[in-house]
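# Report on the structure
Take a look at the letters that make up each chain.
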Amino acid sequence: MRIDYNLHLDYSDVLLKPKRSTLNSRRDVEMTRDFTFRNSKKQLSYTPIMASNMDGVGTFSMARVLQDYKMLTVIRKHYSFNDWKATAGTGLKFKYVSACVGTGAIWDEEALDYQTLKQVIAAFPDIPAITIDVANAYHEQFVDFVKRIRSEFPDKIIIAGNVASPEIVEELIINGADVVKVGIGPGSVCTTRTQTGVGVPQFSAIIECADAANGVGGHIIADGGCTQSGDIAKALGAGAHMVMLGGMLAAHDESELELKDGKRVFYGMSSESAFVQHGARKDGYRGTEGKTVLLDNRGPVRDTVEQILGGVRSSCVYVGARRIKDMPKCAHFVRVNNIQNRIFDGK
Ligand code: 5GP
């Protein structure tokens, strides 16, 4: 047994310190970032804030809005090939989407999501990225699967996860991933930490994992736990090359989920609701690590996206980062025990 006594922090434990800067306005901030990815060698210039591959978030409707802001959407893996074909003529720009696949093909070559992935990538060559998504990316078979996907799709950006510690980030990148998703347990509809007792506070996980990825020329995505635009700025300041959002983009008109009495349901992808929707796991394992919430409909996501980008721009101005890329260089965090005045909470 070992205990790491070093304090590990969450977004709510820190604030960015304002600094003197030469930036006069939010308009001066360059929000897109140019990436060259380690293994695929692919180059991409985009705003490094993306939609998660969750039901209600990673939808074609979401992608059609986010593309206007040069933001990527990881398309949920449950769309059929026919659904993909039906997007023809709807204005979807494939350049701003990632396809997504689980690891079912490790056990079953005919796994539907894997078969769909192959068809989709062949039919829409502009798709730059493939996301391999599992709740726990620590097992050896996952690393082998990343290697396999790398050899089958040598020129695609491979995003793989989720993990929360540096050694595995290095291992995944060395074995073919370009980008590793970091986040075990911070998500808005995730119950991993209470169900299993496993997790690493997200802010510290990002610092450690970004450092590991930088060492081997890879990138990381801070996935989960952002509740407001300030958290996204903190993630970028901590060294995340990109940030993935679920809950912040949920319950909008673009969710493609039914609206009932002005409410939208939102659930974790390992929740009971997800199992009911998509079927139980093939390995017979039935533990849920996600929950379901009923949210007020939040209207068009465009307004939320503009709020988010406005907040991040403003953070960049406060810390003197002319480019979003400069956030970690400019970020000076203070450890705090309170980030908000709560006098009017509940009013
Ligand atoms: P959020 O932005 O909502 O805080 O976090 C989104 C992330 O939570 C997703 O991108 C995914 O990594 C994670 N997630 C989604 N569904 C579940 C779930 O059912 N269980 C767990 N443990 N994590 C989930």
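Above: the structure in question.
This structure is a prediction, so every number in the text was calculated from the model and none was measured.

## Observations regarding the packing of helix H7 (residues 202-215) against helix H8 (residues 229-238)
Contact geometry for H7 and H8: axes closest at 8 Å, N-to-C directions at 30 degrees. Considering their axes alone, H7 and H8 lie roughly parallel with respect to each other. Considering how the two elements wind past one another, H7 and H8 form a crossing that is right-handed. For the pair H7 and H8, contact is made by Phe203, Ile206, Ile207 and Ala210 and by Lys234, Ala235 and Ala238, respectively.

## A look at the site of the ligand
Ser188, Thr192, Asp223, Ser270 and Glu289 are the nearest of the 20 residues found near the ligand. At a separation of 2.7 Å, an oxygen atom of the ligand approaches a polar side-chain atom of Ser52. Between the ligand and Gly225 there is a distance of 2.9 Å, counted from an oxygen atom to a backbone nitrogen or oxygen. Residues belonging to the shell around the ligand are distributed by class as follows: five nonpolar, 13 polar and two charged.

## Considerations on helix H3 (residues 112-123)
For H3, spanning twelve residues, the distance from its first C-alpha to its last is 16 Å, which sits close to the expected 16 Å at 1.5 Å a residue. Along H3, the positions that sit buried rather than exposed are Asp113, Tyr114, Thr116, Leu117, Val120 and Ile121. Along the long axis of H3, the arc covered by the buried residues comes to 160 degrees, so they all point the same way. Counted as exposed and oriented over 90 degrees from the buried face of H3: Leu112 and Ala122. Lining the buried residues of H3 we find helix H2 (81-85), strand E5 (97-101), strand E6 (129-133) and helix H4 (140-152).

How each quantity is defined
- Residues numbered from 1 in each chain as written.
- Predicted model: local features only at pLDDT ≥ 70, side-chain atom pairs only at ≥ 80, totals over all residues.
- Heavy atoms only, no water.
- Axes fitted to C-alpha atoms, helices over the stretch in contact; angles between N-to-C directions.
- Helix = DSSP H or I, 4+ residues; strand = E, 2+ residues; numbered from the N terminus.
- Parallel < 35°, antiparallel > 145°, perpendicular 65-115°, else oblique.
- Left-handed = near helix turned anticlockwise from the far one by under 90°.
- Contact = heavy atoms within 4.5 Å.
- Near = heavy atom within 4 Å.
- Polar contact = N/O pair within 3.5 Å; in protein donor to acceptor, adjacent residues only side chain to side chain.
- Nonpolar A, V, L, I, M, F, W, Y, C, P; charged D, E, K, R; others polar.
- Expected span 1.5 Å × (residues − 1).
- Buried < 20%, exposed > 50% of the residue type's maximum accessible area, 1.4 Å probe, protein only.
- Arc of directions from axis to C-beta.

Read these as spatial facts, not as claims about activity.
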